[in-house]
Amino acid sequence: IGARIIAREAKSAFYPISGPEVLTKWFGESEETLRNIFKATAAEEDGAIIFFDEIDSVASPRGSTSHEASRSVVAQLLTLMDGFKPSTNVIVIAATNRPEDIDPALRRPGRFDWEKKFSEPEEQDREKILRASSRRLTTDYDLSHSFVAGESRSWSAADLAAIWSEAALVAAKDGRRRISDEDYLIGFEKVGEQRRRIRPPRRDGGA
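Residues numbered from 1 in each chain as written. Predicted model: local features only at pLDDT ≥ 70, side-chain atom pairs only at ≥ 80, totals over all residues. Heavy atoms only, no water.

Participant: A description of the pairing of strand β2 (residues 48-53) should follow, citing residues and the corresponding values.
Facilitator: Within β2, 5 of the 6 residues are buried, leaving the element largely enclosed by the surrounding structure. Judged from the 6 bridges that link them, β2 and strand β3 (residues 90-95) form a sheet pairing that is parallel. Bridge pairing in β3 links F51 to I93. (Buried < 20%, exposed > 50% of the residue type's maximum accessible area, 1.4 Å probe, protein only. Helix = DSSP H or I, 4+ residues; strand = E, 2+ residues; numbered from the N terminus. Pairing = 2+ DSSP bridges.)

And the structure:
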């Protein structure tokens, strides 16, 4: 969301890229996709912002145990980022929850020059995120935002947004177009279960 706002304020074209979507099973296709984004599209704009979400899925550290295709994609990304001239009005922004899983070469000067760590949203911020994201959907009027915000300590904005996807699936399976509070709470529980499966419990008691 932040990168999109930056692009709007800068009156620049915006190219969002989901890291997992770039990778394909066909050798060379991922590299071609990156070249098209950087050269055939973004470089032709007066101003452009290329945003990689989950950059760690595209640019994992290269090593003796990494797959050849993965090393090739990282090498292509580095080449493209180094290929911009100072006069080129293109900015590359990336986001990740796992900065330690990015190839170190990408974090050297001249590539991703600045790093910004965002803290986890506080309870009042989580409630604001939940309320704001619910406005895009057809929902009941009285939803348990305060309860969910209070029970979602250490959750990111992406985790909170995932609640609505799960809640919408529950409503759709029931043949309903409106998300109820029960759907909302079921979605919250489902995302919580997913988090517990892939993330160990925190010592401070956070989920």
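And the narrative resumes.
Participant: Can you lay out the packing of aromatic side chains for me, pointing to particular residues and giving the numbers?
Facilitator: For the structure shown, the criterion picks out 5 aromatic pairs. Each ring, one from W155 and one from F188, has its centre 5.2 Å from the other, and the planes form 40°; the classification is tilted. A residue pair is termed long-range when its members are at least 10 positions apart, and W155 in the loop between α6 (145-151) and α7 (157-173) and F188 in helix α8 (residues 181-198) qualify at 33 residues. For the pair formed by W155 and F188, the shared burial category is buried. Among the aromatic residues, those joined into a ring-pair cluster are F147, W155 and F188. (Phe/Tyr/Trp six-rings, centres within 6.5 Å; stacked < 30°, edge-to-face > 60°.)

Participant: Give me the lowdown on the nonpolar core, citing residues and values where you can.
Facilitator: In this structure, F38, I50, F52, L77 and L106 are the most contacted members of the largest nonpolar core, which totals 25 residues. Listing elements by their share of this core, those giving two or more residues are β1 (13-18), α3 (29-41), β2, α4 (68-82) and β3. For this core, the leading source of residues is α4, giving 6 residues. Residues within four places of L77 in sequence aside, it is in contact with L34, F38, F52, I55, A59 and L106. Core analysis: the second largest hydrophobic core is formed by 14 residues, L130, L160, A171 and V191 among them. (Core = buried A, V, L, I, M, F, W, Y, C linked by side-chain atoms within 4.5 Å. Contact = heavy atoms within 4.5 Å.)

Participant: Please set out the side chain of D183 residue by residue, giving values where relevant.
Facilitator: Structurally, the position occupied by D183 is in helix α8. Side chain to side chain, D183 and R176 meet in a polar contact 2.7 Å long. With residues near it in sequence (within four places) discarded, D183 still touches A167, V170, A171, R176 and R178. (Polar contact = N/O pair within 3.5 Å; in protein donor to acceptor, adjacent residues only side chain to side chain.)

Participant: I'd like a rundown of the pattern of salt bridges, residues and numbers included.
Facilitator: Tallied over the full model, the rule gives 9 salt bridges. Of the charged contacts in the structure, one is a salt bridge between R111 and D82, with a shortest N-O distance of 2.7 Å. Pair noted here: R111 is in the loop between β3 and α5 (123-134) and D82 is in helix α4, with a separation of 29 residues, a long-range link. Looking at D82, the relative accessible area reads 43%, which means it is partly exposed. As a salt-bridge pair, D174 and R176 come within 3.2 Å of each other at their nearest N and O atoms. With relative accessibility at 55%, the residue D174 sits in the exposed group. Judged by its relative accessible area of 30%, R176 is partly exposed. (Salt bridge = Lys/Arg side-chain N within 4 Å of Asp/Glu carboxyl O.)

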